[in-house]
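Results of the structural survey
Here are the chains, one letter per residue:
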2 protein chains.
Amino acid sequence: MRRVAVVGAGMTRFAEHFDLGIKDLLPMAVAECERSVDKGFDRADIQAAWFGELSTTDGFPAGILADSCGLEDVPVTRVENACATGNDALRNATFAVASGAVDVALVVGGDKVRESSTRSTFWEWAGMTRDTAWDYPLGLVAPANFALHVRRYLHESPATREHMAMVAVKNHKHAVSNPKAQLRFEITVEQVLNAPMVVEPFGLFDCTPQSDGAAALLVVGEEVADRYTDNPVWVRGVGLGLDRVMHQHKPDMTTFPATVRAARQAMAMAGITPADIDVAEVHDCFTGVELISYEDLGFADRFGAHKLVEDGVTSVGGRLPVNPSGGLKGKGHPPGATGVAQCVELFEQLRGTAANQVDGARIGLAHNIGGPTAVSAVSILSTDRG
Amino acid sequence: MRRVAVVGAGMTRFAEHFDLGIKDLLPMAVAECERSVDKGFDRADIQAAWFGELSTTDGFPAGILADSCGLEDVPVTRVENACATGNDALRNATFAVASGAVDVALVVGGDKVRESSTRSTFWEWAGMTRDTAWDYPLGLVAPANFALHVRRYLHESPATREHMAMVAVKNHKHAVSNPKAQLRFEITVEQVLNAPMVVEPFGLFDCTPQSDGAAALLVVGEEVADRYTDNPVWVRGVGLGLDRVMHQHKPDMTTFPATVRAARQAMAMAGITPADIDVAEVHDCFTGVELISYEDLGFADRFGAHKLVEDGVTSVGGRLPVNPSGGLKGKGHPPGATGVAQCVELFEQLRGTAANQVDGARIGLAHNIGGPTAVSAVSILSTDRG
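Calculation criteria
Residues numbered from 1 in each chain as written. Chains lettered and ligands numbered in written order. Predicted model: local features only at pLDDT ≥ 70, side-chain atom pairs only at ≥ 80, totals over all residues. Heavy atoms only, no water. Least-squares fit on C-alpha atoms with pLDDT ≥ 70 in both. Contact = heavy atoms within 4.5 Å. Salt bridge = Lys/Arg side-chain N within 4 Å of Asp/Glu carboxyl O. Helix = DSSP H or I, 4+ residues; strand = E, 2+ residues; numbered from the N terminus. Expected span 1.5 Å × (residues − 1). Buried < 20%, exposed > 50% of the residue type's maximum accessible area, 1.4 Å probe, protein only. UniProt positions renumbered as here; feature names shortened; annotations may be inferred. Buried area = accessible area lost by both parts, 1.4 Å probe. Polar contact = N/O pair within 3.5 Å; in protein donor to acceptor, adjacent residues only side chain to side chain. Domains from an automatic or database assignment. Phe/Tyr/Trp six-rings, centres within 6.5 Å; stacked < 30°, edge-to-face > 60°. Pairing = 2+ DSSP bridges. Core = buried A, V, L, I, M, F, W, Y, C linked by side-chain atoms within 4.5 Å. Axes fitted to C-alpha atoms, helices over the stretch in contact; angles between N-to-C directions. Parallel < 35°, antiparallel > 145°, perpendicular 65-115°, else oblique. Left-handed = near helix turned anticlockwise from the far one by under 90°.

What follows deals with the relation of the copies chain B and chain A. To go from the first copy of the chain to the second, apply a rotation about an axis and then a shift along the same axis. Least-squares fitting of chain B to chain A yields an RMSD of 0.0 Å, with the superposition described by an axial translation of 0.0 Å and a rotation of 180°. The relationship between the two copies is best expressed as a two-fold rotation axis. Relative to the rotation axis, the C-alpha of Ser99 of chain B is the closest in chain B, positioned 1.9 Å from it. The fraction of interface residues of chain B whose copies in chain A are also interface residues reaches 100%, indicating that both copies meet through the same surface.

All names here are of chain A. Counted under the stated rule, the structure contains 46 salt bridges over all chains. Residue Asp38 pairs with Arg351 through a salt bridge whose shortest N-O separation is 3.0 Å. Taken together, the residues span a long stretch of sequence, with Asp38 in the loop between α1 (22-35) and β2 (48-52) and Arg351 in the loop between α13 (335-350) and β10 (363-369) at a distance of 313 residues. With a shortest N-O distance of 3.1 Å, Arg161 and Asp206 are connected by a salt bridge. Of the two residues, Arg161 sits in helix α6 (residues 161-176) while Asp206 sits in the loop between β6 (202-203) and β7 (213-221), which places them 45 residues apart along the sequence. A single network of salt bridges, built from pairs that share partners, joins Arg2, Asp103 and Glu223.

Turning to helix α3 (residues 85-99) of chain A, a few remarks are in order. Residue and element names in this part refer to chain A. Its 15 residues give α3 an end-to-end C-alpha distance of 21 Å, which sits within 8% of 21 Å, the value for a rise of 1.5 Å per residue. With 15 of 15 residues buried, α3 is to be regarded as a mostly interior element. Trailing α3 by a residue or two, Gly100 shows a phi angle of about 95°, which is positive.

Another point: the UniProt feature "domain: Thiolase C-terminal" (unreviewed entry) in chain A. The positions UniProt marks with the feature "domain: Thiolase C-terminal" (unreviewed entry) are residues 243-383 of chain A. Helix makes up 36% of residues 243-383 of chain A and strand 13%, whereas the separation of the span's terminal C-alpha atoms amounts to 31 Å.

What follows covers the interface of chain B and chain A. Each partner contributes residues to the interface: chain B has 60 residues there, and chain A has 60 residues. Between chain B and chain A, a total of about 4,300 Å² is buried, with carbon and sulfur atoms accounting for 54% of that surface. Ranking the residues of chain B by area buried against chain A places Phe60, Asp67 and Leu242 of chain B at the top, with a combined share of 16%. Where chain B packs against chain A, one counts ten salt bridges. Where Glu80 of chain B meets Arg78 of chain A, a salt bridge forms, and the shortest distance between an N and an O atom there is 2.9 Å. Our count for the contact surface shared by chain B and chain A stands at 24 residue pairs in polar contact (both at pLDDT 80 or more).

Turning to the side chain of Thr94 of chain A, a few remarks are in order. All names here are of chain A. By secondary structure assignment, the location of Thr94 is in helix α3. One polar contact links the side chain of Thr94 to the main-chain carbonyl oxygen of Leu90, over a distance of 2.7 Å. If near-sequence neighbours (up to four positions away) are discounted, Thr94 is found in contact with Val4, Val235 and Val238.

All names here are of chain A. Burial analysis of helix α10 (residues 287-296) places ten of its ten residues in the buried class, the great majority of the element. Among the residues of α10, those classed as buried are Thr287, Gly288, Val289, Glu290, Leu291, Ile292, Ser293, Tyr294, Glu295 and Asp296. Considering only its buried residues, α10 is in contact with α5 (144-156), α6, β6, α9 (257-270), α11 (305-310) and β10.

The next subject is unusual backbone geometry. Residue and element names in this part refer to chain A. Cis geometry is found at the peptide bond from Ala142 to Pro143, where omega equals 5°. Mapped onto the elements, Pro143 comes out in the loop between α4 (122-128) and α5. Positive phi, close to 50°, is recorded for Ala82, a residue that is not glycine. Within the element layout of this structure, Ala82 appears in the loop between β3 (76-80) and α3. By relative accessible area, which is 0% here, Ala82 ends up buried. You will see that Asn323, though not glycine, has its phi angle at about 60°, which is positive. Inspection of the secondary structure assignment puts Asn323 in the loop between α11 and α12 (327-331). The buried category is assigned to Asn323, whose relative accessible area is 0%.

Further remarks concern the environment of His367 of chain B. All names here are of chain B. Here His367 is to be found in strand β10 (residues 363-369). We classify His367 as buried; its relative accessible area is 0%. For His367 and Ala175, which are 192 residues apart along the polypeptide, the C-alpha to C-alpha distance reads 18 Å. With residues near it in sequence (within four places) discarded, His367 still touches Asn87, Thr259, Glu281, Val282, His283, Ser293, Leu297, Gln342, Ser376, Ala377 and Val378. Side chain to side chain, His367 and Thr259 meet in a polar contact 3.0 Å long.

Further remarks concern the domain arrangement of chain A. Residues and elements named next belong to chain A. Structurally, chain A comprises domain 1 (4-131 + 211-235) and domain 2 (144-208 + 237-382). Each of domain 1 and domain 2 has a C-alpha centre, and these two points are 22 Å apart. Each side of the interface is counted separately: domain 1 has 51 residues, and domain 2 has 42 residues. The contact between domain 1 and domain 2 buries some 3,400 Å² in all, and 66% of this surface belongs to carbon and sulfur atoms. Looking only at domain 1, the three residues that lose the most surface to domain 2 are Phe14, Cys83 and Asn87, adding up to 21% of its buried area. Counting across the interface, domain 1 meets domain 2 through two salt bridges.

Another aspect to go through is the packing of aromatic side chains. Scanning all chains against the criterion turns up twelve aromatic pairs over all chains. Pairing Trp50 of chain A with Phe95 of chain B gives two aromatic rings, centres 6.5 Å apart and planes at 65°, and the pair type is edge-to-face. With Trp50 of chain A in strand β2 and Phe95 of chain B in helix α3 (residues 85-99), this residue pair bridges two chains. With respect to burial, Trp50 of chain A and Phe95 of chain B carry one shared label: buried. Here Phe202 of chain B and Phe286 of chain B contribute two aromatic rings whose centre-to-centre distance is 4.7 Å and whose plane-to-plane angle is 10°, an arrangement assigned as stacked. Highlighted residues: Phe202 of chain B in strand β6 (residues 202-203) and Phe286 of chain B in the loop between β9 (279-281) and α9 (287-296), separated in sequence by 84 residues. In terms of burial, Phe202 of chain B and Phe286 of chain B fall into one category: buried. One aromatic cluster is present, built from ring pairs that chain together Phe146, Phe202, Phe256 and Phe286 of chain A.

Residue and element names in this part refer to chain A. For β7, a buried count of nine out of nine residues is recorded, marking the element as mostly surrounded by other parts of the structure. The pairing of strand β1 (residues 4-11) with β7 spans seven bridges and is classified as antiparallel. Within the sheet, the bridge partner assigned to Val6 lies in β7 and is Val219.

Here we come to the nonpolar core. The biggest cluster of nonpolar side chains holds 74 residues, and the ones touching the most others in it are Trp50 and Leu217 of chain A together with Trp50 and Leu217 of chain B. If near-sequence neighbours (up to four positions away) are discounted, Leu217 of chain A is found in contact with Val6, Gly8, Ala9, Cys33, Leu90, Ala105, Leu106, Val107, Val340, Cys343 and Val344 of chain A. Val309, Ile363, Val378 and Ile380 of chain A belong to the second-largest nonpolar core, a separate cluster that totals 43 residues.

Before going further, it helps to examine the packing of helix α1 (residues 22-35) of chain B against helix α2 (residues 61-68) of chain B. Residue and element names in this part refer to chain B. Between α1 and α2, whose axes approach to 9 Å, the crossing angle comes to 60°. The angle between α1 and α2 places the two elements in the oblique class. Our pair here, α1 against α2, has a crossing hand that is right-handed. Contact with α1, carried on its side by Ile22, Lys23, Leu26 and Pro27, involves Ile64, Leu65 and Ser68 of α2 and no other residues of that element.

Written out as structure tokens, the structure reads:
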């Protein structure tokens, strides 16, 4: 299989961009991606694009991306896979480049979640991220559906709400030094525990904010990578895993089988084990989800995730920093953009230019778990060609 | 690039399936695809799936496909590209198989357009197939936006409403012998011309019906094809083209640049010219669109499309039969399924088993043009490995 490199990466700030629409955010991310390409870059080089968007704010997604970014004559595929959309967009672009059909591909993720100028997208989003006939009428939208998982996890494992709070504290702390992050302030365990309850066991500070934003990656075949940079980052593995949509079909609420499957695929493709990961961006839409994901990704033994936060293993400075960007919790979560932005962070980490740099990082992992806890996508990037 | 074969193909009847939901239609199509595999087939062989769906009736599309079809542990990517969704789903699966990352892939397209048990999807669909801020408030939904193109085409070319009617008559005639078609009755030019006007120049019989349905293809790498059949059909070319979304940005309304681009890509990949095509499924959402597409696909000279229908060239029995299945006009048009179903028809045509068989067909082309006339996807299938 032809090797695939990331040679450029950029993103907007994640925020409540009440003054910007998706047509503003997408070109901002693409322009920053363009500026990041060491040896310069002409948009006419782009042969195909993949666009991850969940909420379809302003109309026909593929065309809105192409038009707003001036991508004349570039075919764009919109990929939608709930909150795993961003990493699945990269996965599909990777296949196209690996096949040899495309040499230079653009991957963009974006979402405009806060009030849109044209219409509300809430119902559409709700429909696209769960079963509308069964789970939705039962109220199993996020965060309620994730809360079922985490409540059971707290019951079965030694983890407590304090451990969840430590995840929030860590990710907020990481976000402070990231100029792209939405919530750039530190919080304390006490603040998390005393915050208003959203749905047990999630208080306000256990939940990701709602965010608008976009992110972009330039992905190329190995023969052309040196046209753009002498310092590429390699896409070593991509994985996508599914689980049953409806919660009555999930026999064990304390694990996300979709993540286990996606990680297994991506690591097999990369030829690595969890112990090889130096830095990870993990889908912390709710604090407890980061804990469960440590176990599903193979970073911790079953029901041992709490020890990683207790011991500072997953803080920057620890053995395996998780969410140095601030994660969804601190950086923000425009769903279509999130997975792409995780890879933007890894690109910078692996090139040594991240805002919150992990020393000597050579292999990074990005992870999404989607809406009804039924889909996960994992990408593995590395400084080594493999 | 690794060669890619289609070894199975199946579809539901296209119809107003008031008694069936998307969760019924998808497994029906997959089961028929499974039955079509000459040497038998185990669903556990499927390593990844691509799902083209536009209207998202029942919730999280990727998971609904996996759950309703019993695809445990199969990663599913939902692709959405307006009415070009189906052929773009095949394109993405083709890249994944061609890359070597996937040996056996399932491509499914489906849509439930008529009243859903859970909610209306009309607004969502409208949003996803045009610009909601500009074209949509002007009323430029289908069929009005296509009508602008065809009206100008009638003004500039020698084609008349009679020629458009001849397209409808031809495709209805083809549909009669196709048990999967929705409108299995013949009509006359007079009936078309005298039918109630929908939007000038489209009368009722110039328009595709609204349809529910699903279609599926089994797509595999060349090394494993003979595990499934001695008679594979090869995916020789895939192409995707875009054009500007908003109609004020389209300088020439008498052509669809998206189609020209998609066809150019697919034919270059296949190493063929339009003259090599033996049979084609062309996106006849409105009769005049089939005429314009003859020119964009290179089947006719500019403004010469009307001669093809006048001379019977594109009827079964002619030199280049177009829409032997009945096309969108006669067979029906569940948008996500349409492109996949076109390839189901080509699979049968190229294996000599079609309901309305084109003698000796060796190379077939499938073509979609999407919502705001801003996206087209083209696939080229062949009996020759290439």
